[in-house]
Amino acid sequence: MEKKTQKPQTESPEKGKILSKPRIFFGLTFIVFSGVLALSFISYLMNWKSDQSQAGTMLDKSIKSSNIFGKLGDWLGNIFIFESIGVASFIVAFLFVVFGTMILKKKIFKPWMTFGHSLFFICWLPIFFGAITKGQGNAGVLSGVYGYQIMDSLNAIIGSVGLWLVLIVSIALYFILEFNLRPSSIKSKFNEINENTIGRVKSMMPNSSENFEADEELENEIQENSPNITVTDLSENSKTKDSSKSTKTSVEILPASSVETIVTPNQTSFEEDKKEFSQPLSLDLNTKPVIPVAKHEEAFDMKPSTSSSDGIKFNVEVAPAVEILDDSEKQSNDLVEKHGLYDHRLDLAKFQMPTLDLLKDYGNEEISVNKEELEENKNKIVGLLKNFNVGIAEIKATIGPTVTLYEIVPEAGIRVSAIKKLQDDIALNLSALGIRIIAPMPGKGTIGIEVPRKNPTMVSMRSVIASQKFQNTDMDLPVVFGKTISNEVFMADLSKMPHLLMAGSTGQGKSVGINAILTSLLYKKHPSELKFVMVDPKKVELSLYSKIERHYLAKLPDSDDAIITDTHKVINTLNSLCVEMDQRYDLLKNAFCKNLKEYNKKFSERKLNPENGHRYLPYIVLVVDEFADLIMTAGKEVELPIARLAQLARAVGIHLIVATQRPSVNVITGMIKANFPARAAFRVISSVDSRTILDSPGADQLIGKGDMLYFNGNEILRLQCAFVDTPEVERLAEFIGEQKGYASAFMLPEYVNEEATSSVGAFDPNEKDQLFDEAARIIVSTQQGSTSMLQRQLKLGYNRAGRIMDQLEASGIVGGFNGAKAREVLISDLNSLEQFLEDLRS
């Protein structure tokens, strides 16, 4: 019993204290309450949408809660998380644990330091989460009302850049002060590491004559393999020997920093010279290591400290750096100095870029504000939403050329989906066509409602071309579409898109959009910098540009017309572009360039020899006006080269603009969509077509007349396309066509269809196609030697129809290829044909 009663006296005073029952009760209560808070918060975050709506119905027994602690958990989560500080509420739960351990006198945490850190993160985290979740559906949950309002106020005062600067600087200062990350402390850490490293190296150095002799034997053994470097030993041990003799050994080449760790020279002079070292050590065969260093030509000695008895003296001679230029680089520099940079515009040096007076001036295009219309629409929107129990905290309007954007901020607790469902009701209440709801708006904490104006303002091509934004742009291929809802000129770089897919029903502005794109490129690029390959199955949309053939158009060598309208010529042209693409990649590979811009820059600096096949490469833009017609007539024969160009041609400066009236899935296939990230949609018939072109609805809600949606891969923008009329395009084409041009259009490489030409030559009746006789009868009966007609009549692909036509030519039924015209039929009637076929069989 005595041992038991005296045992507590040997323990620490802290362990010998007995806690009172109230202290234990309150301490454990705080800890348990902390757990309740934490679990309630976790459950609330998992089901916050339903829990938030049930927070004020604690006494309503008919409503069941999904929170782990029932309606109490809903209430706690709503009070602490949504209405207060968001996810920083978990810090409050942690502080209850700290209070509990303090009451229980358990020194687990340092109270004041813990409170300070917790207070910082309670203030910082809500604002941070408010910034990163701005405009998202869960914005008010992670940040809480406190965080979101503070973030919104700071964003309005100092902008988004200033907001993020405050957040980053504050957290950086916190870590610097907490972990003592000041430059002086960091420098002392590195110095300590360097001293430890130097100490370990010094401890490894020889400190006796025996060790030195052992090392000398090792060096002699190494010297047998590389006996071409000598080092004079000037240590005190060597002075007792014959000073005229020198020991030959190999020397390891080390950077300046490594030399410093082995020998300790005069620190002041060495540190000054070490800063100038910019090249590795080289060796002089006259036994002295030579260090080529700019700005130093004198020799200096690296002497060990006088206290060292066995240091080594190095004679280090510093030589000036010599810049070595490649012969080809010298030659290119000489050419540039003599002739200047290569000017690709010299062939058409007097070419004048189009002037603004070629485009029609439609007068004042300033937007007129109708306050009565704005107030009427605002009241209708607010009243309708109020009828559906949707409260509005704020509403503002942005007036554009065609539509007015009303941005609303719903009251706290209003779901975004509740507003999106009211799109048709809002359109009915406003008696307007083309209502579109953007919920939420990207980058903003608002919901947008686009309402068409009663009196829209036209956007002319002249106004956007004359804008400073277009005139001063440095884009490689600037394309100006029109104006945004905020009445700003909208431009995009075709070289960055890198391909554009356009769709829209007949009469909704698609062809005008193509003309706007072509006009903006013609106003900005010289004929030597840009070429167009135009495909126009409808034969009337792009025919206006035939006048600029010798300036801007490209075609096949055997083609008469630069504007391609025949289907089988389209296939040959697309395959020819693939050949051009492969040839350009070979040129880029030989020039060690990654893209067309780098290659042309190198060529202009005369670093590429034209005798090796190098030449200045213009951009090539393929324009297809009606893609659906090509898919219907040629199918995979068109789709495959289009897909290959879209996948690979960007780096070599070949870009595609493909337009279609019918954006169905059998026309715009998955392979096409995957390689066309930029898309422009005019009004379409159904939401299915809108999803096909944009992957989202909205194009079916447009009002036509140039009203369009542009998708750049990130967000959808509503634009009013600039209007350019046919007479304006004619004047522009005539202005360019009347000037001196090249001798001919830009010639694409010739494409030889191996399958189609394999049967040309001596005709073998045993190898003729099964449909040869039937095809011959069709040709003779119609007296028209057309491959496309055989495709339609016999339902064949182009390759097989071409082979049959070549067999008919080889057998003497039709004549040779005659350009755009049909082949001549050499047999006049069916009776003569049957006799001819009978002779072939025999």
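The model shown is predicted, which means the values in this text are computed figures rather than measured ones.

Here the focus is a negative patch on the surface. On the surface, Asp558, Asp560, Asp561 and Glu750 cluster together into a negatively charged patch. Along the polypeptide, Asp561 turns up in the loop between β13 (554-555) and β14 (563-564). Asp561 gets classed as partly exposed once you look at its relative accessible area, which sits at 47%.

The subject of this paragraph is the pattern of salt bridges. In the structure shown here, the tally under the stated rule is 31 salt bridges. Close ionic contact of Lys555 with Glu549 constitutes a salt bridge, the shortest N to O distance being 3.0 Å. Judged by its relative accessible area of 21%, Glu549 falls in the partly exposed class. Overlapping salt bridges, with partners in common, bring together Arg436, Glu450, Asp707 and Arg718 in one network.

Here we take up the environment of Phe120. You can see Phe120 is positioned in helix α7 (residues 111-132). For Phe120 and Ile171, which are 51 residues apart along the polypeptide, the C-alpha to C-alpha distance reads 9.4 Å.

Take the pairing of strand β11 (residues 500-503) next. A regular strand places its side chains on the two faces of the sheet in alternate fashion. Where burial is concerned, the two faces of β11 agree: the one with Leu500 and Met502 and the one with Leu501 and Ala503 are both buried. Sheet topology note: the β11/strand β16 (residues 654-660) ladder contains 4 bridges and is parallel. When the sheet's bridge partners are listed, Leu501 is paired in β16 with Val658. The sheet contact formed by β11 and strand β17 (residues 678-681) spans 4 bridges and is parallel. Looking across to β17, one finds that Leu500 is bridged to Ala678.

This paragraph deals with the confidence of the model for the chain. When pLDDT is averaged across the chain, the result is 77; 75% of the residues are at 70 or more. In this model, residues 1-17 is a region of pLDDT below 50 whose contacts with residues beyond four sequence positions or in other chains number 1 contact. Counting interchain partners and residues more than four positions distant, the pLDDT-below-50 stretch residues 225-319 has 117 contacts.

The next thing to look at is a nonpolar patch on the surface. Together, Leu39, Ile42, Met46, Ile68 and Phe69 give the surface a local cluster of nonpolar side chains, amounting to about 500 Å² of exposed area. Checked against the element boundaries, Leu39 lands in helix α3 (residues 21-46).

Moving on: the pairing of strand β8 (residues 447-452). By the criterion of burial, β8 is predominantly enclosed, with 6 of the 6 residues buried. Neither face of β8 is exposed, since Ile447, Ile449 and Val451 on one face and Gly448, Glu450 and Pro452 on the opposite face are all buried. With 6 bridges connecting them, strand β6 (residues 403-410) and β8 associate as antiparallel partners. Residue pairing in the sheet places Thr404 in a bridge with Val451 of β8. Alignment of strand β7 (residues 436-438) against β8, held across 3 bridges, turns out to be antiparallel. Counterpart to Arg436 in the pairing with β8 is Glu450.

About the criteria used
Residues numbered from 1 in each chain as written. Predicted model: local features only at pLDDT ≥ 70, side-chain atom pairs only at ≥ 80, totals over all residues. Heavy atoms only, no water. Patch = residues over 30% accessible without salt bridge, like charges linked within 9 Å, V, L, I, M, F, W, Y side chains within 5 Å. Areas by Shrake-Rupley, 256 points an atom, 1.4 Å probe, with all protein chains shown as cover. Salt bridge = Lys/Arg side-chain N within 4 Å of Asp/Glu carboxyl O. Lys, Arg positive; Asp, Glu negative; His and termini not counted. Charge placed at Lys NZ, Arg CZ, Asp CG, Glu CD. Helix = DSSP H or I, 4+ residues; strand = E, 2+ residues; numbered from the N terminus. Buried < 20%, exposed > 50% of the residue type's maximum accessible area, 1.4 Å probe, protein only. Pairing = 2+ DSSP bridges. pLDDT = per-residue confidence, 0-100. Contact = heavy atoms within 4.5 Å.

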